[in-house]
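Secondary and tertiary structure notes
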Amino acid sequence: MISIISPSFNEEKNISEHILSVLRVFDANNIDGELIIIDDVSTDSTRDIVKEEMSKDSRIRAFVMNKNSKRVGTTAIGFSEAKGEIIMTIDCDLQDNPEDITSLLKAMDECDVVIGWRSKRKDPFSKRISSKIGNMLANILFGTHFHDMNASMRAFKKESVAEISNARAHRFLPHILSSRGYKVKEIHVNHRKRLNGKSEFRFFNRLHTIVDLFIIRFSKLKTKSIPLYKTI
């Protein structure tokens, strides 16, 4: 079984199509999977739409954080709730293509972690350059050589992340796991321009990411810091 984790925040124009797209991939490829939506306290109708989709298909599960976290902790919650032996993350803004799920699954036969490298990224220049700086710093600090630290499409064998409960560490999992001896592979994935809604990432989010990078690199990751949440 595989678990797909999708963080969401004010994605009312995208969430339904994202859910249906993931389920279509499950059906077309006979994948035993579940889709877990982690809502970061949306202020639009995202949660209502998720509830409606949940009533139609038992493979959808959903949770909401007690307070908005600027995404920090959403994937950690998903990992703690996942039932699958393989855990995958995919954003629900429709920039990721769920068709790439099968490519990541195939690559998992050869490694413990797969990063979906957005080599032809369709984001604004400011977002791409700040991401590039973050990638460079992470590679220097961890001694790795990854292109896309902030990739939203990633896949992990469950046992590789079982002992990592620090929510902020989830941003840097490929680097952390590589430094612990797990085999990490990058593969090319499709990336599309955002058509609906707005990205929640801003300049100060990037600064916080860099600060977290240094904290996580030089900490022992023993603090359990998964935020409080509840079932939708």
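Everything below is about the structure shown above.
Scope of this entry: the structure provided in the associated data block.

Procedures and definitions
Residues numbered from 1 in each chain as written. Predicted model: local features only at pLDDT ≥ 70, side-chain atom pairs only at ≥ 80, totals over all residues. Heavy atoms only, no water. Helix = DSSP H or I, 4+ residues; strand = E, 2+ residues; numbered from the N terminus. Rg over C-alpha atoms; globule rule 2.2 N^0.38 Å. Buried < 20%, exposed > 50% of the residue type's maximum accessible area, 1.4 Å probe, protein only. Contact = heavy atoms within 4.5 Å. Areas by Shrake-Rupley, 256 points an atom, 1.4 Å probe, with all protein chains shown as cover. Lys, Arg positive; Asp, Glu negative; His and termini not counted. Charge placed at Lys NZ, Arg CZ, Asp CG, Glu CD. Phe/Tyr/Trp six-rings, centres within 6.5 Å; stacked < 30°, edge-to-face > 60°. Polar contact = N/O pair within 3.5 Å; in protein donor to acceptor, adjacent residues only side chain to side chain. Pairing = 2+ DSSP bridges. Axes fitted to C-alpha atoms, helices over the stretch in contact; angles between N-to-C directions. Salt bridge = Lys/Arg side-chain N within 4 Å of Asp/Glu carboxyl O.

The helix and strand tally for the protein chain stands at eight helices and eight strands. Rg of the C-alpha trace for the protein chain: 16 Å, near the compact-globule value of 17 Å for 232 residues, within the 12% margin. Across its three principal axes, the protein chain shows a C-alpha extent of roughly 45 × 35 × 35 Å. Within the protein chain, buried positions represent 53% of all 232 residues. At a minimum sequence separation of 6, the contacts of the protein chain that also span at least 24 residues come to 82%. On the protein chain, roughly 11400 Å² of surface is accessible, and the fraction owed to carbon and sulfur atoms is 53%. Each charge sign in the protein chain was given a centre, from 38 positive and 30 negative side chains, and these centres are 7 Å apart.

Right, let's get into the packing of aromatic side chains. Enumeration according to the criterion identifies two aromatic pairs in this entry. Aromatic pair Phe-63 and Tyr-229: ring centres 5.6 Å apart, planes at 85°, arrangement edge-to-face. Within this pair, whereas Phe-63 is found in strand 3 (residues 60-65), its partner Tyr-229 is found in strand 8 (residues 229-231), the two being separated by 166 residues in sequence. Look at Phe-63 and you get buried, because its relative accessible area is 6%.

The subject of this paragraph is the side chain of Asp-93. By the element assignment, Asp-93 lies in the loop between strand 4 (86-89) and helix 4 (101-107). Note on Asp-93: relative accessible area 10%, which makes it buried. Among the polar contacts made by the side chain of Asp-93, one reaches the main-chain amide nitrogen of Gln-95 at a distance of 3.0 Å. There is a polar contact of 3.5 Å between the side chain of Asp-93 and the side chain of Arg-194. Beyond its immediate stretch of four places on either side in the chain, Asp-93 contacts Glu-11, Asn-14 and Arg-194.

What the eight strands build is an open sheet, ordered 7-5-6-4-1-2-3-8; its pairing is mixed. Two strands close off the open sheet at either side, each with one partner strand: strand 7 (184-188) and strand 8. Averaged over all pairs of adjacent strands, the angle between their axes in this sheet comes to 20°, without regard to strand direction. Summarising the sheet, strand 4 and strand 6 (residues 154-157) pair through four bridges and their orientation is antiparallel. By the bridge assignment for strand 6, Thr-89 is matched with Arg-154. Against the sheet, helix 2 (residues 46-54) makes contact with strand 1 (2-8), strand 2 (33-39) and strand 3, and its axis sits at roughly 155° relative to strand 3, the strand it touches most.

It is worth spelling out the pattern of salt bridges at this point. Summed over all chains, the structure comprises 13 salt bridges. Taking the shortest distance from any N to any O, the salt bridge between Arg-194 and Glu-11 comes out at 2.8 Å. Highlighted residues: Arg-194 in the loop between strand 7 and helix 8 (203-217) and Glu-11 in the loop between strand 1 and helix 1 (15-28), separated in sequence by 183 residues. Residue class for Arg-194 comes out buried when judged on its relative accessible area of 18%. Of the residues examined, Glu-11 reaches a relative accessible area of 6% and is grouped as buried. The closest approach of N and O atoms between Glu-52 and Lys-56, which form a salt bridge, is 3.9 Å. By sharing partners, the salt bridges in this structure join Glu-11, Asp-93 and Arg-194 into a single network.

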